[in-house]
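Reading the structure
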Amino acid sequence: AAKEEGGPSFRFFTRGMNEAAQQRLAIELSLRKALERGEIFVHYQPKVDLSCGEITGFEALARWRHPELGLIPPETFIPLAEKNGLIVRIGEWVLRTACTQARVWIDEGFSDLCMAINLSSHQFTSGSLTSLVKEVLDETELPPSCLEFEITEGILMERTDKTMRTLSELRDMGVRISIDDFGTGYSSLGYLKRFPVNTVKIDRSFVREIDSPHEDAAIIKAIIAVARNLNLQVVAEGVESHSQTEFLLAHGCNEAQGFLFGKPVAPDEASLMLRAGRWRDAPARAMARGR
Ligand code: C2E
Ligand code: MG
Ligand code: MG
Ligand code: MG
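Residues numbered from 1 in each chain as written. Chains lettered and ligands numbered in written order. Predicted model: local features only at pLDDT ≥ 70, side-chain atom pairs only at ≥ 80, totals over all residues. Heavy atoms only, no water.

Going by an unreviewed UniProt entry, the protein chain carries the name Diguanylate phosphodiesterase and comes from Geobacter soli.

In structure tokens, the structure reads:
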């Protein structure tokens, strides 16, 4: 029967392709208008100090609510924005928005707070990222040490002169640099020493393996050990369980981020988290282990 329907199903298949392509095109067109229309916004996900359970800061994560299609995940629209160059304007807007929000929280007394922002490689190659960052820090009167940029190993691997110069300039200003999704790229641990980096953020895929009895637990232990030896902060992303938390704590990981501690939320809800103080399960657990 499949063979007989070969013709029609082939047509159906190509029509399906066209629809997908059409939708992609439609999404791309509306992405161009999204910023002006106020459809892009930022959610904040807490990072927690594993030794005491305190919130050390937030990661700013871009969101897009399309008028007809609803929420479009960043995994869909960020790559699109990277392809058509819109990421530069979106990234600038996220930077301003997140720094303005950090200012609000610092004014409320959370002065040690660190705001983490994701950067795409285009933001390094188009215009001067350093001047933009200086400008935004000036506008928001934010101490540079309250700002951390998350970049992927890919950006380091490209190793263009401009990227390397910009990274050094940012570091010299006192802005922190973190390697996001660490372990998924092509870099070796030895690479870490050569770049002006403060923090390693272990990819969720390794954290997930902690609960299954395999060698990946060895990889994550090695990443933590080397990073600590190089005096780098270690953050684990995608922490969802207590057993993962125990493991990370036991092996010297400094901070964690994940649904166990809090999902990315709107600023109001993030404010509530901050005011509530520590992650509620942490004090008892930390006390139990004599910390
Ligand atoms: P990322 O920077 O690695 O961000 C972490 C992603 O993991 C977020 O997805 C977050 O919601 C999700 N996540 C956090 N904890 C957990 C957990 O416990 N379990 C699971 N399953 N997931 C968790 P999100 O917000 O969908 O963002 C996806 C990616 O989009 C980000 O990955 C980042 O690469 C990119 N992105 C988001 N906002 C921006 C932005 O403003 N600029 C740039 N350049 N990229 C962005
Ligand atoms: Mg990130
Ligand atoms: Mg990540
Ligand atoms: Mg990741």
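Now, onward.
Considering the pairing of strand β6 (residues 176-182)
Convention followed: For each residue, the accessible area found with a 1.4 Å probe, counting protein chains only, is set against the maximum for its type, and the residue is called buried under 20%, exposed over 50%, and partly exposed in between. Helix and strand assignments follow DSSP, with helices taken as H or I runs no shorter than four residues and strands as E runs no shorter than two, numbered in order from the N terminus. Here, a strand pair is defined by DSSP locating no fewer than two bridges between the strands.
The buried count for β6 comes to 5 of 7 residues, which makes it a mostly enclosed element. Bridge count for strand β5 (residues 147-152) against β6 is 5 bridges, and the pairing is parallel. The partner of phenylalanine 149 across the bridge, within β6, is isoleucine 177.

Brief notes about helix α3 (residues 87-107)
Note the following rule: In this scheme, a helix's expected span is set at 1.5 Å multiplied by one less than its residue total. To obtain the arc, one takes the directions from the helix axis to the C-beta atoms.
End to end, α3 covers 30 Å across 21 residues, agreeing with the expected 30 Å (1.5 Å per residue, within 8%). Turning to α3, its buried residues number three or more, namely Ile87, Ile90, Gly91, Val94, Leu95, Ala98, Cys99, Gln101, Ala102, Trp105 and Ile106. Angular distribution of buried residues about the axis of α3 spans 165°; they occupy a single face of the element.

Looking at the coordination of the magnesium ion (ligand 4)
Which entries qualify depends on this criterion: Keep in mind that water is not among the atoms, so a site may look incomplete; donors are the N, O and S atoms within 2.8 Å of the metal, or 3.2 Å for Na, K and Ca.
The protein atoms donating to the magnesium ion (ligand 4) are Asp181 (OD), Asp203 (OD) and Glu237 (OE), with metal-donor distances spanning 2.0 to 2.5 Å. Distance-wise, the magnesium ion (ligand 3) is placed 3.3 Å from the magnesium ion (ligand 4), both being coordinated by aspartate 181. On the criterion of sequence distance, the pair formed by aspartate 181 in strand β6 and glutamate 237 in the loop between β8 (233-236) and α10 (242-250) is long-range, its members being 56 residues apart. The class for aspartate 181 is partly exposed, based on a relative accessible area of 25%.

Side note on the site of ligand 1
Where we set the bar: When at least one non-hydrogen atom of a residue lies within 4 Å of a molecule or strand, that residue is treated as near it. Under this definition, polar contacts are N or O atom pairs within 3.5 Å; protein pairs additionally need one hydrogen-donor-capable and one acceptor-capable atom, and for neighbouring residues in sequence, both atoms have to be side-chain atoms. Surface accessibility follows the Shrake-Rupley procedure with a 1.4 Å probe radius. Residue values consider only the protein chains on display as shielding. Each residue receives one of three labels: charged for Asp, Glu, Lys and Arg, nonpolar for Ala, Val, Leu, Ile, Met, Phe, Trp, Tyr, Cys and Pro, and polar for the others, Gly being one of them.
With respect to spatial proximity, 23 residues lie near ligand 1, and among them Arg63, Ser120, Asp180, Glu240 and Phe259 are the closest. One nitrogen or oxygen atom from the side chain of serine 120 is found 2.8 Å from a nitrogen atom belonging to ligand 1. Burial of ligand 1 by the protein chains amounts to 85% of its free accessible area of 800 Å². Those elements that provide at least two residues to the shell around ligand 1 are β2 (55-66), α2 (74-84) and β6. Per element, the largest residue contribution to the shell around ligand 1 is 4 residues, and it comes from β2. Within the shell around ligand 1, the residues separate by chemical class into 9 nonpolar, 5 polar and 9 charged.

Points about the side chain of threonine 199
Along the chain, threonine 199 falls in strand β7 (residues 199-202). Within the local environment of threonine 199, its side chain forms a polar contact with the side chain of glutamate 148, the two groups lying 3.0 Å apart.

A closer look at the nonpolar core
Inclusion rule: Here, nonpolar core refers to any group of buried Ala, Val, Leu, Ile, Met, Phe, Trp, Tyr and Cys residues whose side-chain atoms link them within 4.5 Å. Note on contacts: a residue pair is in contact if any heavy atoms of the two residues lie within 4.5 Å.
Judged by nonpolar contacts, the single largest core of 80 residues is most densely connected at Leu31, Phe58, Ile117 and Phe149. Apart from the residues lying within four places of it in its own chain, the contact partners of leucine 31 are Ile40, Trp64, Phe77, Leu80, Ala81, Leu86 and Ile90.

Points about helix α7 (residues 161-173)
With 13 residues, α7 should cover 18 Å at 1.5 Å per step; its first-to-last C-alpha distance of 18 Å lies within 8% of that length. Those residues of α7 that sit buried are Thr163, Met164, Thr166, Leu167 and Leu170. One face of α7 carries all of its buried residues, which in axial projection span an arc of 165°. For α7, the exposed residues set more than 90 degrees away from the buried face come down to Asp161 and Asp172. Buried residues in α7 make contact with α4 (122-125), α5 (129-140), β5, α6 (153-158) and β6. A positive phi of about 105° marks glycine 174, the residue just after α7.

Overview of the packing of aromatic side chains
Convention followed: Within 6.5 Å between ring centres, the rings of Phe, Tyr and Trp (the latter by its six-membered ring) count as paired, and their orientation is classed by plane angle as stacked under 30 degrees, edge-to-face over 60, tilted in between.
Applying the stated rule across the entire model yields 3 aromatic pairs. Between tryptophan 64 and phenylalanine 77, the ring centres sit 5.8 Å apart and the planes meet at 80°, which makes this aromatic pair edge-to-face. Within this pair, whereas tryptophan 64 is found in strand β2, its partner phenylalanine 77 is found in helix α2, the two being separated by 13 residues in sequence. Across the pair, phenylalanine 77 and tryptophan 64 agree in class, each one buried. Cluster of aromatic residues (ring-pair linked, three or more members): Tyr44, Phe58 and Trp105.

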